[in-house]
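# Structure assessment
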Amino acid sequence: QVQLVESGGGLVQSGGSLRLSCAASSGRIFSVNAMGWYRQAPGKQRELVATIAGRGSTNYADSVKGRFTISRDNAKNTVYLQMNSLKPEDTAVYYCNADVWMVGRGSNDYWGQGTQVTVSS
């Protein structure tokens, strides 16, 4: 099994910044392929925020382009989301996602438990 542990959420004023982190760990030998961040606001479907491939290519939702930056540290199996110029509409639970290959199990998709980001106006 793979655990994705998120941190960095919280309450911030409009225009402020937050940095989310998500670390993947397992008792088995594994490698992490694509990683990403998704979010779900109350009453809405979960939506993609940003993804980053194993070699570093990135993809962003139009709503966050120019404000959010996704990055990763492959040595630490960790993905980050730097969020600047936050807006109240960014308020949501943010979920980490990772495509992980494990010995004996192949590639599977894993999700973190979610971290709340609240932006006050």
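Below is a summary of the structure that appears in this document. (Residues numbered from 1 in each chain as written. Predicted model: local features only at pLDDT ≥ 70, side-chain atom pairs only at ≥ 80, totals over all residues. Heavy atoms only, no water.)

### Things to note about the pattern of salt bridges
Between side chains of opposite charge, a pair can form when the charged atoms approach closely. Scanning the model with the defined rule gives 4 salt bridges in all. Here D90 ties to R67 by a salt bridge, and the two come within 2.7 Å at their closest N and O atoms. In this pair, D90 sits in the loop between strand 8 (78–83) and strand 9 (92–102) while R67 sits in the loop between strand 6 (58–60) and strand 7 (68–73), placing the two residues 23 residues apart along the sequence. For the pair D90 and R67, a shared accessibility class is recorded, and that class is buried. Through salt bridges with shared partners, a single ionic network connects R39, E47, R67 and D90. (Salt bridge = Lys/Arg side-chain N within 4 Å of Asp/Glu carboxyl O. Helix = DSSP H or I, 4+ residues; strand = E, 2+ residues; numbered from the N terminus. Buried < 20%, exposed > 50% of the residue type's maximum accessible area, 1.4 Å probe, protein only.)

### A few points about the environment of S25
With respect to the helices, strands and loops of the structure, S25 is situated in strand 3 (residues 18–26). Overall, the relative accessible area of 33% leaves S25 in the partly exposed class. Not counting residues within four places of it along the chain, the set of residues in contact with S25 comprises Q1, V2, Q3 and F30. (Contact = heavy atoms within 4.5 Å.)

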